[in-house]
Amino acid sequence: MVERDNRKDPIGIWLSGNKKDNLFGGAKVGFTVRREMTRNDGKLQEGMFLVFADETLEILDVKSESKGTRLSIFQRPSVGENLSFFLQESSGLPLIKAFNDSQELLAIIEYLE
């Protein structure tokens with residue numbers, strides 16, 4: 001099995017996520033929005049939140065028996081913004097909250113039974 005720090009999967013390499021902190025009750029992974037991740041208006045594509053969330057689970061080596069996800073988007077960041085995906089557990093399933101550098105809540109990704 002390939003260790004996450006030496007990952008070889010194309011998506012993981014492309015996203016360039018990195019583990020930031022181990023926090024009480026969770027952990028944080030960081031990503032930077034790049035031009036190829038955005039729509040024509042320079043804002044992050046909505047589906048990228050789910051891609052970042054799935055990569056967060058991979059980096060933190062979290063296994064999920066989820067049958068789906070629910071994505072709630074409050075703001076879409078622009079090119080160059082740094083994002084933090086904070087992993088918590090809710091009823092045994094992952095719950096991920098996305099924040100920008102100003103600690104504004106951007107999105108919530110809930111994994112469903």
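Residues numbered from 1 in each chain as written. Predicted model: local features only at pLDDT ≥ 70, side-chain atom pairs only at ≥ 80, totals over all residues. Heavy atoms only, no water.

Consecutive side chains of a regular strand alternate in pointing toward one face of the sheet and then the other. One ladder, built from 6 bridges, connects strand β3 (residues 68–73) with strand β6 (residues 105–112); its direction is antiparallel. By the bridge assignment, I73 is partnered in β6 with A107. As paired elements, strand β5 (residues 93–100) and β6 share 5 bridges and run antiparallel to each other. The residue bridging I96 from the neighbouring strand is I109, located in β6. Linkage of β5 to β6, two consecutive antiparallel strands, is achieved through a turn of 4 residues, within which Q103 is found at a positive phi near 65°. (Pairing = 2+ DSSP bridges. Helix = DSSP H or I, 4+ residues; strand = E, 2+ residues; numbered from the N terminus.)

This brings us to the nonpolar core. Here is a general trend for soluble globular proteins: nonpolar side chains tend to be buried in one another's company. Counting residues in each nonpolar core, the largest one holds 23 residues, and the members touching the most others are L44, F49, F52, L83, F85 and I96. Those elements that place two or more of their residues in this core are β2 (26–32), α2 (46–59), β4 (82–90), β5 and β6. When residues in this core are grouped by element, the largest group, 6 residues, is from α2. If sequence neighbours within four positions are ignored, I96 has contacts with A53, T56, L57, F85, F86, L87, A107, I108, I109 and Y111. (Core = buried A, V, L, I, M, F, W, Y, C linked by side-chain atoms within 4.5 Å. Buried < 20%, exposed > 50% of the residue type's maximum accessible area, 1.4 Å probe, protein only. Contact = heavy atoms within 4.5 Å.)

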